[in-house]
Amino acid sequence: MLQRHLRAACAAAVAAGALLVAGLSGSASARPSSLPAAPTAAETLRTDAAPPALLRALQRDLGLNRQQAERRLGNEAEAGAASGRLRAALGAHYAGAWVRGAESDTLTVATTDPADVPAIRAQGAAARVVDHSLAALDAAKARLDRIAARRATTDTPVWYVDVPTNALVVRAVRTDAARSLLAAAGVDASLVRVVKSAEQPRPLYDLRGGDAYYIDNSSRCSIGFPVTRGTQQGFATAGHCGRAGSATTGSNRVAQGTFQASVFPGNDMAWVAANAGWTATPYVNGSSAQVTGSTQATVGSSVCRSGSTTGWHCGTVQQLNSSVTYQEGTVTGVTRTSVCAEPGDSGGSFVSGSQAQGVTSGGTGNCTSGGTTYFQPVNRILQSYGLTLKTTATGPGDPGDPGDPGGTWSAGTVYQAGATVTYGGAVYRCLQTHQAQQGWEPPNTPALWQRQ
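Small disclaimer: the values here were computed from a predicted structure and weren't measured.

Q: Hey, could you run me through the overall build of the protein in this one?
A: Check the secondary structure of the protein and you find eight helices and 28 strands. Excluding contacts between residues fewer than 6 apart, the proportion of contacts in the protein whose partners are at least 24 apart in sequence is 61%.

Here's what the structure looks like:
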């Protein structure tokens, strides 16, 4: 039954559009000549819109030339779509996916069932058979998150699911503290790898930003992403930058807005409603860096950060859904990266290609010696506060008139991978977490939606 399901799912995925990039190529099925070619994932996610500043930072920080940087972004977009299709096909056996190589030209998908290997390879991905499903590792991490709300974890400041090693990793100043935490949470030791580390993350206070702003005429932070809420314009940023009611001024010291909501610790997210005269734009750092969406990047993908202290810096996504303990408390659900940052970069923009990823939270190290930085995923902020990301509002094209499409799909909604919607009388499954927007309707975006 499962193998029939896998074969059917993979056949449908190939029909929707095969991987077209080096190292991730699949066999494209024949299409009637009267039908337009489905857009590739790279076209849907507008990797060609990556700004020059980001491409230069990728070249500097990852040791690439411009062509390699451009190919890497394209490969990462295609890998995200392929891993999304395989996640849906493998179901409970799915154990995560990641990319590797200078150009991210190798996608690996893990499963707990050896019988899934042919289906994974049929999608142009390498297969790895492991002991633990992603769901099992995520459940174990959730137990640690819950216990962290009731006890100090400064000696075990970081934990995350590491899909390439198929383990729940706990980074600890003292290994006995890690053992005590795991015992208190009731986590099976076979799922865990303890790493001794001197890492002591802290929020990146001292504040400036994608563009700088000031809180109550004192501390400085960075704008994350411009947003709207109905007709109200504003921006998303880090929660530790300010509390609800705090007033902000722009880098020009002109009154700018007011914090409407803020959470820290627990999460690290906030949004500011801007005063009249301030306009939300789809740009990062006041340059030509355009944001075209918020599709979540795959582990191993390149990611770049813009902050008012250190400008553009790049690295890779190391782990999703990480937890990190600062002196103020534990923050869960953040993404761990190899990007450097310094005080004043807090709240600033994390971008993969032209896709918004999150706002800078905190980390260790600096941009001289290198470091680790965590970001609060932007889709969580948009969903929590009912915000709409400001984008260039150009989808991959009109899928044609399906009549009255009807259904449950709605622009502005944040859809998690695995969610289902109806559109035009058909059912679609979400392949990659993103905020829906006009032009990204399910029939038009096989990189994001799979027809059931």
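Having seen the structure, we can now continue with the description.
Q: I tried to follow the packing of aromatic side chains on my own but got confused; where do I start?
A: For any two aromatic rings, the description comes down to two numbers: the centre-to-centre distance and the angle of the planes. Counted according to the given criterion, the structure contains six aromatic pairs. Here Trp-409 and Tyr-423 contribute two aromatic rings whose centre-to-centre distance is 5.8 Å and whose plane-to-plane angle is 85°, an arrangement assigned as edge-to-face. One end of the pair, Trp-409, is in the loop between β23 (388-389) and β24 (414-415); the other, Tyr-423, is in strand β25 (residues 420-423), and 14 residues separate them in sequence. Through successive ring pairs, a cluster of aromatic residues spans Tyr-213, Phe-235 and Phe-259.

Q: Quick question: what am I supposed to make of the pattern of salt bridges here?
A: Between side chains of opposite charge, a pair can form as their charged atoms come close. With the rule as written, the count across this model stands at twelve salt bridges. Across the salt bridge formed by Arg-46 and Asp-48, the nearest N and O atoms sit 2.8 Å from each other. For Asp-48, a relative accessible area of 62% gives the class exposed. With its nearest N and O atoms 2.6 Å apart, the salt bridge here joins Glu-76 to Arg-72. With Glu-76 and Arg-72 both in helix α4 (residues 66-90), this residue pair falls four residues apart, about one helical turn. Residues participating in the shared-partner salt-bridge network are Asp-155, Arg-174 and Asp-176.

Q: Looking at this structure, how should I read the side chain of Glu-441?
A: The residue Glu-441 is located in the loop between β27 (434-435) and β28 (449-451) in this model. Separated by 3.1 Å, the side chain of Glu-441 and the backbone nitrogen of Gly-439 make a polar contact.

Q: Teacher, can you tell me more about the sheet that holds strand β1 (residues 94-100) here?
A: Hydrogen bonds between backbone groups are what pair the strands of a sheet, and the pairing can be parallel or antiparallel. One open sheet accounts for three strands, arranged β1-β2-β3; its pairing is mixed. Unpaired on one side and paired on the other, β1 and β3 (126-129) mark the two borders of the sheet. Between one strand axis and the next, the sheet turns by 20° as a mean value, whatever way the strands run.

Q: Any chance you could explain the sheet that holds strand β12 (residues 247-250) here in plain terms?
A: A sheet is described by the order of its strands in space; here eight strands give the open sequence β9-β8-β12-β13-β14-β11-β10-β23, paired in antiparallel fashion. Edge positions in the open sheet fall to β9 (219-222) and β23, since each of these has one partner strand only. Pairing between strand β13 (residues 255-263) and strand β14 (residues 269-274): six bridges, direction antiparallel. In the sheet register, Val-263 faces β14, and the bridge partner there is Met-269.

Q: Whenever I open this one, the packing of helix α3 (residues 52-62) against α4 confuses me. Can you help?
A: When two helices pack together, their arrangement is given by the angle between their axes and by how far apart the axes lie. Axis separation between α3 and α4 bottoms out at 9 Å; the angle between their running directions is 105°. The angle between α3 and α4 falls in the class roughly perpendicular. Contact residues: Leu-54, Leu-55, Leu-58, Gln-59 and Leu-62 in α3; Arg-66, Ala-69, Glu-70, Arg-72 and Leu-73 in α4. In terms of residue class, the contact of α3 with α4 is made up of six nonpolar, one polar and three charged.

Q: What should I look at first to understand the nonpolar core in this one?
A: One broad trend across soluble globular proteins is that nonpolar side chains are buried collectively. Among the nonpolar cores identified, the biggest contains 35 residues, and Leu-107, Val-109, Leu-144, Leu-168, Val-170, Val-187 and Val-192 are the most heavily contacted of them. Among the elements of the structure, α4, β1, β2 (106-111), α6 (134-148), β4 (158-162), β5 (167-172) and α7 (175-185) are those that each provide at least two residues to this core. Those residues in contact with Val-192 that lie beyond four places of it in its chain are Leu-168, Val-170, Leu-182 and Val-187. Judged by nonpolar contacts, the second largest core, of 31 residues, contains Leu-64, Phe-225, Val-291 and Val-351.

Q: When you look at empty space enclosed by the protein in this model, what are you seeing that I'm missing?
A: It is a probe the size of a water molecule, rolled over the atoms, that shows where empty space is left. In the structure shown here, the tally under the stated rule is two cavities of 30 Å³ or more. If you add up the space inside the largest cavity, you get close to 150 Å³. For the lining of the largest cavity, the secondary-structure elements that each account for two or more residues are α4 and β21 (355-366). The dominant element in the lining of the largest cavity, judged by the number of residues it contributes, is α4, at four residues. By residue class, the composition of the lining of the largest cavity is four nonpolar, twelve polar and two charged.

Basis of the calculations
Residues numbered from 1 in each chain as written. Predicted model: local features only at pLDDT ≥ 70, side-chain atom pairs only at ≥ 80, totals over all residues. Heavy atoms only, no water. Helix = DSSP H or I, 4+ residues; strand = E, 2+ residues; numbered from the N terminus. Contact = heavy atoms within 4.5 Å. Phe/Tyr/Trp six-rings, centres within 6.5 Å; stacked < 30°, edge-to-face > 60°. Salt bridge = Lys/Arg side-chain N within 4 Å of Asp/Glu carboxyl O. Buried < 20%, exposed > 50% of the residue type's maximum accessible area, 1.4 Å probe, protein only. Polar contact = N/O pair within 3.5 Å; in protein donor to acceptor, adjacent residues only side chain to side chain. Pairing = 2+ DSSP bridges. Axes fitted to C-alpha atoms, helices over the stretch in contact; angles between N-to-C directions. Parallel < 35°, antiparallel > 145°, perpendicular 65-115°, else oblique. Nonpolar A, V, L, I, M, F, W, Y, C, P; charged D, E, K, R; others polar. Core = buried A, V, L, I, M, F, W, Y, C linked by side-chain atoms within 4.5 Å. 1 Å grid on protein atoms, 1.4 Å probe; cavity = no way out; pocket = protein on both sides within 12 Å on 5 of 7 lines; lining within 4 Å. Points joined across faces, edges and corners; volume = space filled by probe spheres on them.

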